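In case you want the letters, here they are:
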Amino acid sequence: MDFRHQGVSPDALATVACDALLLVVAGDQADAVRDAAVKRALDDALAHGEFELKRGKTVYLHRPSGLKAPRLVLAACGTATPQAVKAAFAAGLAALKGGGSRHVAVALAGAGEASAAQAEALVAAVNDATYVYRHTKPSAPAAGALSRVTLLAGKGAAKAVAQGLARGQAVAAGVTLARELGNRPGNHCTPSDLGDQAKKLGKAFGLKVEVLDRKAIEKLGMGAFLAVAQGSAQPPRFIVAQYQGAPKSQPPVVLVGKGITFDTGGISIKPAAEMDEMKFDMGGAASVLGTLRAVAELKPRLNLVVLVPTTENMPGGRAVKPGDVVTSLSGQTIEILNTDAEGRLVLCDALTYAERFKPACVVDVATLTGACVIALGHHHTGLFSADDRLATALLAAGAEALDPCWRMPLDEEYDEALKSNFADMGNVGGRAGGAITAAMFLRRFTGRYRWAHLDIAGTAWKSGAAKGATGRPVALLTHFVLSQAG
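Just so it is clear, the model here is predicted, and its values are computed rather than measured.

What counts and what doesn't
Residues numbered from 1 in each chain as written. Predicted model: local features only at pLDDT ≥ 70, side-chain atom pairs only at ≥ 80, totals over all residues. Heavy atoms only, no water. 1 Å grid on protein atoms, 1.4 Å probe; cavity = no way out; pocket = protein on both sides within 12 Å on 5 of 7 lines; lining within 4 Å. Points joined across faces, edges and corners; volume = space filled by probe spheres on them. Helix = DSSP H or I, 4+ residues; strand = E, 2+ residues; numbered from the N terminus. Nonpolar A, V, L, I, M, F, W, Y, C, P; charged D, E, K, R; others polar. Core = buried A, V, L, I, M, F, W, Y, C linked by side-chain atoms within 4.5 Å. Buried < 20%, exposed > 50% of the residue type's maximum accessible area, 1.4 Å probe, protein only. Contact = heavy atoms within 4.5 Å. Pairing = 2+ DSSP bridges. Phe/Tyr/Trp six-rings, centres within 6.5 Å; stacked < 30°, edge-to-face > 60°.

> Mind showing me how you'd approach the layout of surface pockets here?
Unoccupied space between atoms shows up once a probe the size of one water molecule is rolled over them. Considering only enclosed or pocket space, the second largest pocket measures out at about 300 Å³ in volume. Lining the second largest pocket are 19 residues; nearest its centre among them are Pro-10, Leu-108, Ala-109, Gly-112 and Leu-152. Listed by contribution, the elements that provide at least two residues to the lining of the second largest pocket are strand E5 (103-109) and strand E6 (148-153). If you tally residues by element for the lining of the second largest pocket, the top one is E5, at three residues. Among the residues making up the lining of the second largest pocket, the classes are represented as 13 nonpolar, four polar and two charged.

> What's the story with the nonpolar core in this structure? I'm lost.
Generally speaking, a soluble globular protein has its nonpolar side chains buried in company with each other. Judged by nonpolar contacts, the single largest core of 53 residues is most densely connected at Leu-255, Leu-304, Val-306, Val-363 and Phe-480. When residues of this core are assigned to their parent elements, the largest contribution, seven residues, is made by helix H8 (residues 283-298). In contact with Val-363, other than residues within four places in its own chain, are Val-254, Leu-255, Val-256, Leu-394, Ala-452, Leu-454, Leu-477 and Phe-480. Of all hydrophobic cores here, the second largest spans 47 residues; its members include Phe-238, Cys-348, Phe-445 and Trp-451.

> What should I look at first to understand the sheet that holds strand E12 (residues 324-327) in this one?
Think of a sheet as strands paired side by side through backbone hydrogen bonds, with each pair either parallel or antiparallel. Within the open sheet, the three strands sit side by side as E12-E13-E17. Their pairing is mixed. Bordering the open sheet on either side are E12 and strand E17 (425-426), each of which pairs with just one other strand. Note: strand E13 (residues 333-336) against E17, two bridges, orientation parallel. Residue Ile-334 lies in a different strand from E17, and its bridge partner there is Met-425.

> For this particular structure, what's the right way to read helix H13 (residues 474-483)?
Structurally, the α-helix is built with 3.6 residues per turn, so residues lying three or four positions apart point the same way. Buried residues dominate H13, accounting for eight of its ten residues. Buried within H13 we find Val-474, Ala-475, Leu-476, Leu-477, Thr-478, His-479, Phe-480 and Val-481.

> How should the packing of aromatic side chains be read in this particular structure?
One pair of aromatic rings is described through two measures. These are the centre distance and the angle between the planes. Summed over the entire model, instances satisfying the criterion amount to five aromatic pairs. Between the aromatic rings of Phe-441 and Phe-445, the centroid separation amounts to 5.3 Å while the plane-to-plane angle is 45 degrees, which identifies the pairing as tilted. Among the aromatic residues, ring-to-ring pairing joins Phe-225, Phe-238, Tyr-353 and Phe-357 into one connected group.

> Just checking my understanding: could you explain the environment of Leu-122 for this structure?
Structurally, Leu-122 can be placed in helix H3 (residues 116-130). Placed 93 residues apart in sequence, Leu-122 and Gln-29 show a C-alpha to C-alpha distance of 21 Å. If we ignore the near neighbours within four places in the chain, the residues touching Leu-122 are Phe-89, Val-106, Val-149 and Leu-151.

> Please explain unusual backbone geometry as it appears in this structure.
Leaving glycine aside, a negative phi is the common case for residues, and trans is the common case for peptide bonds. Here Arg-472 and Pro-473 are connected by a cis peptide whose omega angle stands at 5 degrees. Mapping Pro-473 onto the fold places it in the loop between strand E20 (468-469) and H13. Of note, the phi angle at Arg-63 is positive, near 50 degrees, even though the residue is not glycine. Note that Arg-63 resides in the loop between strand E3 (58-62) and strand E4 (71-78). Unusually for a residue other than glycine, Lys-299 sits at a positive phi of about 55 degrees. The residue Lys-299 is located in the loop between H8 and strand E11 (303-313) in this model.

Note that all results are geometric; they support no functional claim without further evidence.
In structure tokens form, the structure reads like this:
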């Protein structure tokens, strides 16, 4: 998609040459529309009840009088927040879908000068509207006609708009990569396939990428990770990818992504219903690789390390059993009380491995617990951290990226649930507070650096008619990483 910005006076929208003009009106400010021809069309639609200045309302007008554009879409956004503006962009694009428009010009009225956040929101809306999964579906619809989007803004906003469009395109590319990897079936996205994807990123952006095989993982001593992997015929991989945008002496930000490419639950097997969705259990891995892609394109002045422990979790004669005790890379022993609590087992060894980078901070990302879905639903990602400054930065990044998270507790009392008579800890506690006890388990491996955990079980994919990966939280993570630069 070709995204551009064009300096146009608000009273000259009718002169813009494009296939369709999308005008987003904030609040009830019809009088903010200064172009005479567009104002006539808006007033007429309001007078005849075809359009209302209420959030979510749109109207499509074909060949309106006085406009160069043969199509005009009016969309109301209520408030002028980036979130509301993004929703209006999405609604307006939906009104144009299938209409053959190749070039859409977009303008805002009543929202002041266009901002970087609004420009980024436009890119995100277009990306959502145009993404189609095709990898294993030859019958998927052909790509739509839309190939160019221009944001119309005053000259004073040109720099901010350009920055927003650039950041938006990088984030969108990362989101698309994460969605694509997440949507691929387990037989098309194995641990080896994820390793190959990381190598492709390395080649495309000049990154240092290592993909360690089972023998190398064994040599490291990652007993918890290998316990999960031992039931599968697919070999595990441990991906270590590094972006260097600052001197080597600068401590890196480290992102760790859970990469369970298919999760049966192992011996503690899951019910059959909706088990197909367990291909999405590598959503953490997909999101950190997507973030790596976005960051590599934007080239901030910082260092970033991405770690992905990836394997399947399968039952079988070699699979780990409930009650087995394994030794993690940290030397701590773990009684595996439930083999379906496998994500924390692969993550704990990766979190210990992260120590060698002497990181500025570490953020792990995982589709970790159904309990987080019960607690927060599908809007907010769960955020766990004992570091107030780190938690605040992640909350701010989520708000700025329109990819929100919500901070959950990590009180020491929750740690009691992980006690074991036969090992240093059990891998699960009781049912109550399951998302918290999972985070408490991970916390035991993060004592040497600042750490946060994002539980994306409720936000990494959608079920039902719109089933598919969302690409979250690539936007949140990218904004967070950028905030750490300089």
